[in-house]
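The lines below spell out each chain.
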Amino acid sequence: MEELRKLIEDLAKEVKQEYEKSKGAGKVQDFETSMHHVVNRLECLERKVDYLENQSRRNNIVIYGVHEENGKRWEETENLVRRVVAKIGIDLVNSDIERAHRVGRLNGGKRPIVCRPAHFKMKCSILRGSKYLNGTGIVISEDFSEGEGVPIP
């Protein structure tokens, strides 16, 4: 990730240098060609960053609609996840949850929970069973980056 940020910074410097060169010499056509090349490289880097972000999120699930209780400790969030998943018939033990935490700003007491089950198969089981939560106001979905374009419930 850090390498990609450095590449983006280098591209910005390259654009500025090319602009200064073309400005003094009046080579607008050369500048446009260079700009087109830089824009293509930038788009390629953005796709790579998006791919890497989705890879890092691939085991995550997001749980929407779970009311936030007074406590904000991660242990309490994990307990909430266990209770929600128990409603679909899956019993999770401590080692089944790698991480669980709330994200975003408090909005009516229902911030989403991002949870990373310890195993990909566990994630798949939870997603398959989430259909049994219809009508409860709780929705479980995969975690995608913003660039993926997946609507958030």
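Residues numbered from 1 in each chain as written. Predicted model: local features only at pLDDT ≥ 70, side-chain atom pairs only at ≥ 80, totals over all residues. Heavy atoms only, no water.

- Going by an unreviewed UniProt entry, the protein chain carries the name Per a allergen and comes from Periplaneta americana.

**A short note on the environment of V93**
Then comes step 1: Of note, V93 is situated in the loop between α3 (74-86) and β2 (97-102).
Then comes step 2: Sequence separation of V93 and E78 is 15 residues, and the distance between their C-alpha atoms is 10.0 Å. (Helix = DSSP H or I, 4+ residues; strand = E, 2+ residues; numbered from the N terminus.)

**Considerations on the side chain of N60**
Then comes step 1: Looking at where N60 falls in the secondary structure, it is placed in the loop between α2 (28-57) and β1 (61-64).
Then comes step 2: Given the relative accessible area of 6%, N60 is considered buried.
Then comes step 3: A polar contact of 3.1 Å, which involves the side chain of N60, links it to the side chain of D143.
Then comes step 4: Sequence-distant contacts of N60, defined by excluding residues within four places in its chain, comprise V114, C115, R116, K123, E142 and D143. (Buried < 20%, exposed > 50% of the residue type's maximum accessible area, 1.4 Å probe, protein only. Polar contact = N/O pair within 3.5 Å; in protein donor to acceptor, adjacent residues only side chain to side chain. Contact = heavy atoms within 4.5 Å.)

**Considerations on the packing of aromatic side chains**
Then comes step 1: Here the structure, examined in full by the defined rule, presents zero aromatic pairs.
Then comes step 2: The ring of F120 has R58 sitting right over it, with the charged end atom 5.6 Å from the ring centre. (Phe/Tyr/Trp six-rings, centres within 6.5 Å; stacked < 30°, edge-to-face > 60°. Lys NZ or Arg CZ within 6 Å of the ring centre and 35° of its normal.)

**Overview of the pairing of β1**
Then comes step 1: Here β1 shows a buried face lined by I61 and I63 and a second buried face lined by V62 and Y64.
Then comes step 2: Note: β1 against strand β3 (residues 113-117), three bridges, orientation antiparallel. Within the sheet, the bridge partner assigned to V62 lies in β3 and is V114.
Then comes step 3: Where β1 meets strand β4 (residues 139-142), four bridges bridge the pair, whose relative direction is antiparallel. Paired with V62 across the two strands is S141, which belongs to β4. (Pairing = 2+ DSSP bridges.)

**Remarks on the sheet that holds β2**
Then comes step 1: What the four strands build is an open sheet, ordered β2-β3-β1-β4; its pairing is antiparallel. Two strands close off the open sheet at either side, each with one partner strand: β2 and β4. Taken over all neighbouring pairs, the strand axes of this sheet differ in orientation by 20° on average, direction set aside.
Then comes step 2: Each of β1, β2, β3 and β4 touches α3; the most contacted strand, β2, lies at about 105° to it.
Then comes step 3: Lying on the sheet, helix α4 (residues 120-129) is in contact with β1, β3 and β4; it crosses β4 at an angle near 140°. (Axes fitted to C-alpha atoms, helices over the stretch in contact; angles between N-to-C directions.)

**Structural notes on the pairing of β3**
Then comes step 1: β3 sits mainly inside the fold: five of its five residues count as buried.
Then comes step 2: Of the two faces of β3, the one lined by I113, C115 and P117 and the one lined by V114 and R116 are each fully buried.
Then comes step 3: Across five bridges, β2 lies against β3 in antiparallel orientation. Note that in β3 the partner of A100 across the bridge is C115.

**Observations regarding the nonpolar core**
Then comes step 1: By size, the foremost hydrophobic cluster in this structure holds 19 residues, and its most contacted members are I63, V81 and I126.
Then comes step 2: Taken together, the elements giving at least two residues each to this core come down to β1, α3, β2, β3 and α4.
Then comes step 3: Top contributing element to this core by residue count: α3, with four residues.
Then comes step 4: Setting aside residues no more than four positions away along its own chain, I126 makes contact with I61, V85, I88, I90, P117 and I140. (Core = buried A, V, L, I, M, F, W, Y, C linked by side-chain atoms within 4.5 Å.)

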